[in-house]
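Structural overview for review
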Amino acid sequence: MLDYVREGDTLFVESISRLGRSTKDLLNIIDTPTDKGVTLISHKENIDTNTPSGKYMLTVFATLSQLEREQLKHRQREGIEIAKAQGKYTGRKPIPTDWTRFGQLYGEWKSKHITGRDFMRRMDMSANTFYRRVREYELRHGITELTSA
């Protein structure tokens, strides 16, 4: 959209908070239409960048919007810490693993009789879970690979 707008166009946005993620980001985004002679109008904040007061208010609202986002993130982190301390926030339950079957398939996989994909499919695991379980299995059984330097 920023590449498409031309001089004399008016760009309407619902809210400046939807235009950029931070004040710096927003101001950088706004520079593009401004340099092209495009007017930016924000419906929610009633800002028109065609006027000096509109440009000023845009900067003020962008800063306030970023402050609000950062405070929200901060409160969220505090809430998570409180929940963890109370034992309410434990994360996702671990996926149960049949370690006997895993050990059999691990041997086949290491001896190159099956591929990693076959291993994952037979254990019904995603790639992330598979590699996490492989590391866990190797740690439990003291398996270390020799690396050549």
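Presented here is a report on the structure given in the accompanying data block. (Residues numbered from 1 in each chain as written. Predicted model: local features only at pLDDT ≥ 70, side-chain atom pairs only at ≥ 80, totals over all residues. Heavy atoms only, no water.)

1. Some thoughts on the overall build of the protein
Check the secondary structure of the protein and you find 5 helices and 3 strands. In the protein, the succession of α and β elements from N to C terminus is β-α-β-β-α-α-α-α. Taken against the 2.2 N^0.38 rule, which gives 15 Å for 149 residues, the C-alpha radius of gyration of the protein at 27 Å runs more than 25% over that of a compact globule. Projected onto its principal axes, the C-alpha positions of the protein cover 70 × 45 × 35 Å. For the protein, with 149 residues in total, the buried portion stands at 28%. Total accessible area computed for the protein in this model is approximately 11,300 Å², and 52% of it derives from carbon and sulfur atoms. Put simply, the protein has 25 plus and 20 minus side-chain charges, and the middle of one group is 8 Å from the middle of the other. (Helix = DSSP H or I, 4+ residues; strand = E, 2+ residues; numbered from the N terminus. Rg over C-alpha atoms; globule rule 2.2 N^0.38 Å. Buried < 20%, exposed > 50% of the residue type's maximum accessible area, 1.4 Å probe, protein only. Areas by Shrake-Rupley, 256 points an atom, 1.4 Å probe, with all protein chains shown as cover. Lys, Arg positive; Asp, Glu negative; His and termini not counted. Charge placed at Lys NZ, Arg CZ, Asp CG, Glu CD.)

2. Description of helix 2 (residues 52-85)
Taking 1.5 Å per residue, 34 residues should reach 50 Å; helix 2 reaches 50 Å between its end C-alpha atoms and fits that length. Turning to helix 2, its buried residues are Gly54, Leu58, Ala62, Ser65 and Ala83. Where helix 2 is buried, its residues contact helix 1 (23-35), strand 2 (39-42) and strand 3 (47-48). Just beyond helix 2, the residue with positive phi is Gly87, at close to 75 degrees. (Expected span 1.5 Å × (residues − 1). Contact = heavy atoms within 4.5 Å.)

3. A few points about the pattern of salt bridges
Across all of its chains, the model carries 5 salt bridges by this definition. One salt-bridge network, in which partners are shared between bridges, spans Arg133, Glu136 and Arg140. (Salt bridge = Lys/Arg side-chain N within 4 Å of Asp/Glu carboxyl O.)

4. Brief notes about the packing of helix 3 (residues 99-110) against helix 5 (residues 127-140)
Packing of helix 3 against helix 5 leaves a shortest axis separation of 11 Å and a crossing angle of 95 degrees. Our classification of the angle between helix 3 and helix 5 gives roughly perpendicular. Here helix 3 contributes Trp99, Phe102, Gly103, Tyr106, Trp109 and Lys110 to the contact with helix 5, which in turn contributes Phe130, Arg133, Val134, Glu136, Tyr137, Glu138 and Arg140. (Axes fitted to C-alpha atoms, helices over the stretch in contact; angles between N-to-C directions. Parallel < 35°, antiparallel > 145°, perpendicular 65-115°, else oblique.)

5. A look at the pairing of strand 1 (residues 10-13)
A one-sided burial pattern is seen for strand 1, the buried positions being Leu11 and Val13 and the unburied ones Thr10 and Phe12. Here 4 bridges tie strand 1 to strand 2, and the two strands are oriented parallel to one another. In the sheet register, Phe12 faces strand 2, and the bridge partner there is Ile41. With helix 1 bridging strand 1 and its parallel neighbour strand 2, the resulting β-α-β unit is right-handed. (Pairing = 2+ DSSP bridges. Right-handed = clockwise from strand over helix to strand, strands pointing away.)

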